[in-house]
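# A structural walkthrough
One letter stands for each residue in the lines below.
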Amino acid sequence: MFAPVYFDHNATTPLDPVVREAMLPYLGERFGNASARHEYGRNTRRALDLAREQVATAVGAEPDEVVFVSGGSEANNLFLKGTAARLPPGLLAVSAAEHPSVLRPAAQLARQGWDVRHLAPAADGRLARDDWQATLALRPALVSVMLANNETGVLQDVAALAAQACSAGAIFHTDAVQALGRVPLNFRELNAAGVGAMTISGHKIGGPQGAAALIRDRRIDIEPQIGGGGQEGGLRSGTENIAALVGFGLACERAVARRAEGAAHLDAMRRRLESALADLGATVFGAPDGRLPNTSYFALPGIDGETLVARLDRAGFAVASGSACSSNDHGPSATLLAMGVDADLARGAVRVSLGTGNTERQIDDFVFALKAMALNLRRLGAVALSG
Amino acid sequence: MAYSVKVLEHYENPRNVGSFGKEEEGVATGMVGAPACGDVMKLQIKVGKDGIIEDARFKTYGCGSAIASSSLVTEWVKGKTLDQALEIRNTQIAEELALPPVKIHCSILAEDAIKAAVADFRKKKPE
Amino acid sequence: MVKLPIYLDYSATTPVDPRVAEKMIPFLVEKFGNPASRSHAFGWEAESAVEEARAQVAALVNADPREIIWTSGATESNNLALKGAANFYSGRGKHIVTVKTEHKAVLDTVRELERQGFEATYLDVQENGLVDPAVFAAALRPDTILASVMLVNNEVGVIQPIAELGAICRAHNVIFHVDAAQATGKVGIDLATLPVDLMSFSAHKTYGPKGIGALYIRRKPRIRLEAQMHGGGHERGFRSGTLATHQIVGMGEAFRIAREEMAVENVRIGALRDRLLKGLSDIEAVYVNGDLEKRVPHNLNISFAYVEGESMLMAIKDLAVSSGSACTSASLEPSYVLRALGRDDELAHSSIRFTLGRFTTEEEVDYAVKLLHQKIGKLRELSPLWEMVQEGVDLSTVQWAAH
């Protein structure tokens with residue numbers, strides 16, 4: 001059977017087979033409820049404790065700083081709404097390019113009396129300095145800036161931002177879902193700089209869907225968003241999804257241990273891809289030196305992104321035209337528009353996000369296919385224009 | 001709940017379970033605790049003419065730690081005078097059985113049972 | 001030979017049915033797409049599997065697939081239903097009615113709503129564990145907007161008169177939520193006829209995986225909710241966030257099997273439960289908690305008087321059972337459900353919940369009966385209370401030296 005080439009790792013990653021093997025017993029004989037006091041329950045409890053330790057160790061946190069949740073979106077919701085609920089309404093600053101699971105809770109808080117300010121990006125995708133300084137002067141109570149952007153892969157200097165935000169009196173959160181396993185990530189260091197909480201997720205690092213965590217400084221008061229049996233120290237009720245959490249723990253351990261060697265491979269592939277893209281006259285968005293090693297977000301002038309993505313899919317390449325979650329929305333990427341990209345060019349945006357399982361051969365095949373399509377589509381476009 | 005080896009051992013093989021006959025000479029009974037609290041201990045001592053505790057029996061309604069604590073004190077009080085028996089402290093019991101903090105009340109109850117049994121004896125037989 | 005410990009805690013969680021696991025595994029191997037990815041086949045394949053599962057869940061309860069949304073589990077479903085409805089309809093009134101024997105996920109959520117300014121009534125149940133519809137009707141006020149009653153109780157397995165209670169809610173224009181986490185595959189649910197507006201489901205109580213659940217949201221008349229988890233607008237905006245495709249597929253398959261097999265399975269399990277009850281009924285001073293007739297066939301909750309609960313669990317460690325609900329048994333508090341049934345603390349402390357299931361065998365039940373006879377006998381020999389009762393002492397007249 002013809003297997004398409006998967007270039008959409010920022011949406012979700014294939015499950016690491018080693019992780020899968022570790023999970024399977026928890027879909028079989030190891031099925032106990034972690035809250036039960038008999039042997040089945042205790043076995044699950046031990047597995048849960050181990051997963052928590054693995055996650056904590058992988059990101060330089062303490063096990064009791066890890067709150068397991070069902071996904072990155074839930075972790076972002078928990079932090080923003082849970083922390084805001086324990087504070088008098090004030091200013092919440094989020095970068096304009098955040099994931100919807102930060103932007104939408106922020107909009108919700110705006111309806112509850114919070115002032116919400118969207119931090120503008122500069123042309124390279126990093127926060128615009130002037131706007132950032134102006135925001136700090138307004139003394140925000142809460143700030144959320146993602147460590148690595150899902151669309152562009154642009155990295156923010158979160159430690160520096162957090163230090164400044166912290167001095168201005170804010171509690172600082174970072175969505176590190178796309179950063180985990182791709183760039184070095186140490187909560188203890190970030191925490192020392194001023195980061196109060198961060199979101200990480202399993203299915204972006206070879207782990208399963210359905211498991212993620214909010215890593216948080218225990219001094220931050222957070223109101224639970226899902227109440228009930230009092231699991232996760234009361235912060236998140238509901239029977240623990242043990243199979244997914246076992247997978248998440250191991251995936252964190254493996255992704256972090258193998259990050260450095262993977263990064264070199266990703267970097268080599270991406271360079272190869274981007275040099276070919278340059279030859280094709282493509283614009284690659286975001287700071288060239290401050291991006292995730294796996295992400296290339298580009299546009300070929302005069303070619304519609306949706307059309308190109310559909311053609312690539314038929315040719316056997318799975319790429320994205322934006323973040324998976326907002327693929328529903330039509331119109332150019334809000335992130336790119338905020339970076340000052342021309343709307344016509346932004347409409348051409350295509351995201352290639354690589355994984356360590358990809359090969360340089362696949363890059364070459366992709367470039368070959370892309371060239372042919374670009375030629376063809378430009379000719380069609382030219383016909384349309386002249387007609 | 002993780003129990004220590006010693007608690008498990010006493011729980012599996014409790015020492016001196018039972019009751020003395022009501023009419024037996026020198027028998028005194030201490031009953032402490034309440035069902036609503038989850039623990040009731042009945043400790044009986046049999047005191048010889050020389051004032052030495054010759055034998056002891058217990059029955060306990062309670063968790064494994066309560067059963068082990070009362071089983072242990074039946075062993076400890078034997079061969080002691082009443083005053084020596086009263087010197088047994090809950091901390092010794094807790095230490096011997098490696099009781100976790102949430103189970104310390106079991107050792108306190110066992111100490112109380114000794115006191116109650118001795119008091120019962122002294123009430124019946126004022127010296 | 002029976003394998004020890006014997007699992008008799010199916011209401012805490014069930015093993016994943018091997019057929020369910022088999023259906024899930026491809027989604028842990030090559031079919032790993034994000035169902036929200038609209039630009040490639042990986043995403044479409046995941047999306048179509050998610051929709052097939054939605055139809056399977058809807059079919060078990062005779063609902064429209066468009067009325068089913070995915071959540072991370074019944075706890076989240078309960079939170080979403082109650083907070084979502086209370087917040088959306090807060091303009092209509094501020095009163096909520098629920099029952100003292102509900103799951104913590106409902107009780108805790110209603111408490112939270114009280115902190116937000118809503119008022120709540122927590123109804124008592126009758127001694128058999130059932131809500132009296134007359135009491136329920138009397139509790140409704142002109143400003144009542146929402147009521148929540150579970151279909152099957154997790155501890156005592158009694159089946160509440162949902163149809164009757166729902167009709168009362170309809171007559172008073174009150175939104176009716178039902179937690180059915182313990183009910184799927186055990187009692188028939190027909191949402192085409194039941195006057196229920198919102199219903200919570202869990203996969204892992206019905207031989208599906210953990211980490212996935214669903215909420216039924218009626219379309220006619222249309223029920224609106226304020227979303228509780230915001231983001232990419234998944235699940236028609238009711239619940240954002242990527243949920244695991246393999247888990248969704250597992251829940252669908254588990255509910256498909258439940259629909260096809262529940263009739264036969266419930267007869268078999270009911271016979272085993274009756275065998276267990278019969279085997280234990282010659283032990284003196286045992287009391288069944290909750291109505292025996294209006295009850296799922298899987299559940300037997302019994303109090304063994306004059307033995308203490310924790311030491312009993314220790315004695316029967318070859319049986320994986322629970323005393324009180326799994327979510328609360330970490331604390332030594334007696335079960336609030338049994339208290340609500342009027343059981344005193346001692347009997348609540350000495351209660352055991354046996355819940356049988358798809359993989360329970362006759363040998364296992366017989367082994368359990370034998371073991372219980374032996375261990376209860378031993379513990380009663382140790383029990384000063386039992387001794388007093390044998391001597392004819394009325395324990396209620398005893399002055400306890402409480403400490």
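Cut-offs applied
- Note on numbering: residues in each chain are counted from 1, in written sequence order.
- All chains are assigned letters beginning at A, and all ligands numbers beginning at 1, according to the order in which they are written.
- Given that this is a predicted model, residues contribute local features only at a pLDDT of at least 70 and side-chain atom pairs are listed and counted only at 80 or more, while totals for whole chains, interfaces and linings are drawn from all residues.
- Side-chain metrics in this entry use all non-hydrogen atoms of the structure; hydrogen atoms and water are not considered.
- A run of H or I in DSSP becomes a helix once it reaches four residues, and a run of E becomes a strand once it reaches two; helices and strands are each numbered from the N terminus.
- The globule rule used for comparison is 2.2 Å times the number of residues to the exponent 0.38, while the radius of gyration itself is calculated over C-alpha atoms.
- Three exposure classes are used, based on accessible area relative to the maximum for each residue type with a 1.4 Å probe and protein chains only: buried under 20%, partly exposed in between, and exposed over 50%.
- Throughout, a residue-residue contact means that at least one pair of heavy atoms, one from each residue, lies within 4.5 Å.
- All accessible areas in this document rest on Shrake-Rupley with a 1.4 Å probe, and a residue is counted as covered only by the protein chains that are shown.
- UniProt positions are given in the numbering used here, feature names are shortened, and annotations may be inferred rather than shown by experiment.
- Should DSSP find at least two bridges between two strands, the strands are regarded as paired.
- Working definition of a nonpolar core: buried Ala, Val, Leu, Ile, Met, Phe, Trp, Tyr and Cys residues. They are joined through side-chain atoms within 4.5 Å.
- Charge counting follows a simple rule: Lys and Arg are positive, Asp and Glu are negative, and His as well as the terminal groups are ignored.
- A carboxyl oxygen of Asp or Glu within 4 Å of a side-chain nitrogen of Lys or Arg is what we treat as a salt bridge.
- Two parts placed together each lose some accessible area under a 1.4 Å probe, and adding up what both lose gives the buried area.
- Residues adjacent in sequence count toward polar contacts only when both atoms are side-chain atoms; beyond that, a polar contact is any pair of N or O atoms within 3.5 Å, and within protein one must be able to donate a hydrogen and the other to accept it.
- The classification used treats Ala, Val, Leu, Ile, Met, Phe, Trp, Tyr, Cys and Pro as nonpolar, Asp, Glu, Lys and Arg as charged, and all other residues, Gly among them, as polar.
- Note on geometry: axes are C-alpha line fits, over the in-contact stretch for helices, and angles between N-to-C directions span 0 to 180 degrees.
- Put simply, two rings from Phe, Tyr or Trp (the six-membered ring, in Trp's case) pair if the centres are within 6.5 Å, and we call them stacked under 30 degrees between planes, edge-to-face over 60, tilted for the rest.

### A word on the overall build of chain B
Helix and strand content of chain B: 5 helices and 3 strands. Taken from the N to the C terminus, the helices and strands of chain B come in the order α-β-β-β-α-α-α-α. At 14 Å, chain B has a C-alpha radius of gyration in line with the 14 Å of a compact globule built from 127 residues. Dimensions along the principal axes, computed over C-alpha positions, put chain B at roughly 45 × 25 × 20 Å. Looking at chain B as a whole, 53% of its 127 residues qualify as buried. Within chain B, residue pairs in contact and separated by at least 24 positions form 60% of the contacts whose partners lie at least 6 positions apart. Of the roughly 5,600 Å² of accessible surface on chain B, a fraction of 54% belongs to carbon and sulfur atoms.

### What to know about the UniProt feature "binding site: pyridoxal 5'-phosphate" (unreviewed entry) in chain C
Residues annotated by UniProt as "binding site: pyridoxal 5'-phosphate" (unreviewed entry) correspond here to Ala74, Thr75, Asn154, Gln182, Ser202, Ala203, His204 and Thr242 of chain C. For the residues just named, distributed over 169 residues, the greatest C-alpha separation reaches 28.9 Å, placing them at more than one site. On the basis of relative accessibility, which here comes to 6%, the residue His204 of chain C falls in the buried class. Each residue touching His204 of chain C, except ones within four places of it in the same chain, is listed here: Asn33 and Thr239 of chain A together with Ala12, Thr13, Thr14, Pro209 and Lys210 of chain C.

### Re the pairing of strand β2 (residues 39–47) of chain B
All names here are of chain B. β2 sits mainly inside the fold: 8 of its 9 residues count as buried. Sheet analysis places strand β1 (residues 27–34) next to β2, joined by 8 bridges and oriented antiparallel. Opposite Thr29, over in β2, you have Gln44 as the bridge partner. Where β1 folds back on β2, the antiparallel hairpin that results is connected by 4 residues, among which Gly38 adopts a positive phi of roughly 90°. As paired elements, β2 and strand β3 (residues 53–61) share 8 bridges and run antiparallel to each other. Across the sheet, the residue bridging to Lys42 is Lys59, located in β3. The antiparallel hairpin formed by β2 and β3 contains 5 residues in its connecting segment, where Gly51 sits at a positive phi of about 80°.

### So, the nonpolar core
Membership of the largest hydrophobic core comes to 121 residues, with the highest contact counts inside it found for Ile200 of chain A together with Phe136 and Phe201 of chain C. Considering every element that reaches this core, the biggest residue donor is helix α8 (residues 242–257) of chain A, with 10 residues. Listed in part, the 65 residues of the second largest apolar core include Ala94 of chain B together with Leu8, Met312 and Ile352 of chain C.

### Here we look at the side chain of Lys186 of chain C
Residues and elements named next belong to chain C. Inspection of the secondary structure puts Lys186 in the loop between β6 (175–179) and β7 (198–202). Glu265 provides the closest opposite charge to the buried, unpaired Lys186, separated from it by 7.8 Å. When neighbours within four sequence positions are excluded, Lys186 is seen to be in contact with Lys205, Met262, Asn266, Val296, Pro297 and His298.

### With respect to the interface of chain B and chain C
Listed per partner, the contact involves 30 residues of chain B and 26 residues of chain C. Taken together, both faces of the contact between chain B and chain C bury some 2,400 Å²; the carbon and sulfur share is 63%. If you sort the residues of chain B by the area they bury against chain C, Tyr11, Pro35 and Tyr61 of chain B come out on top, with a joint share of 28%. Taken together, chain B and chain C are joined by 4 salt bridges. If you look at where chain B meets chain C, you find 11 residue pairs in polar contact (both at pLDDT 80 or more). By residue class, the composition of the side of chain B that touches chain C is 17 nonpolar, 7 polar and 6 charged.

### What to know about the sheet that holds β2 of chain B
Residues and elements named next belong to chain B. Reading across the sheet, the 3 strands line up as β1-β2-β3 and stay open at both edges, with antiparallel pairing between neighbours. Taken across any chain shown, the strands that pair with only one partner, and hence form the sheet edges, are β1 and β3. Strand-to-strand twist across the sheet, computed as the mean angle between neighbouring axes with direction ignored, equals 15°. Most of the contacts of helix α2 (residues 64–77) go to β3, to which it runs at about 175°, and overall it touches β2 and β3. Contacts between helix α5 (residues 104–124) and the sheet are confined to β1 and β2, with β1 contributing the most and set at about 140° to the helix.

### So, the pairing of strand β12 (residues 351–355) of chain C
Residues and elements named next belong to chain C. In terms of residue burial, β12 counts as a mostly covered element, since 5 of its 5 residues are buried. Across 5 bridges, the pairing between strand β10 (residues 299–304) and β12 is antiparallel. Bridge pairing in β12 places Asn299 opposite Thr355.

### Structural notes on the packing of aromatic side chains
One pass over the full model with this rule turns up 18 aromatic pairs over all chains. Both rings, one in Tyr40 of chain A and one in Tyr7 of chain C, keep their centres 4.8 Å apart while their planes meet at 70°; by these two values the pair is edge-to-face. A residue pair is termed interchain when its members come from two chains, as with Tyr40 of chain A in helix α2 (residues 39–58) and Tyr7 of chain C in strand β1 (residues 6–7). Take Tyr40 of chain A and Tyr7 of chain C: they sit in the same class, and that class is buried. Ring centres of Phe285 of chain A and Tyr297 of chain A lie 5.7 Å apart, and the angle between their planes is 65°; on these two criteria the pair is classed as edge-to-face.

### A look at the interface of chain A and chain C
Taken together, the contact between chain A and chain C spans 60 residues of the former and 65 residues of the latter. In total, chain A and chain C occlude about 4,900 Å² of area from one another, counting both sides; carbon and sulfur atoms represent 57% of this. For the interface between chain A and chain C, the tally reads 0 salt bridges. Taken together, the connections running from chain A to chain C amount to 22 residue pairs in polar contact (both at pLDDT 80 or more). With 5 residues, helix α4 (residues 100–111) of chain A is the largest single contributor of residues to the side of chain A that touches chain C. In the side of chain A that touches chain C, the residues fall into 23 nonpolar, 26 polar and 11 charged.

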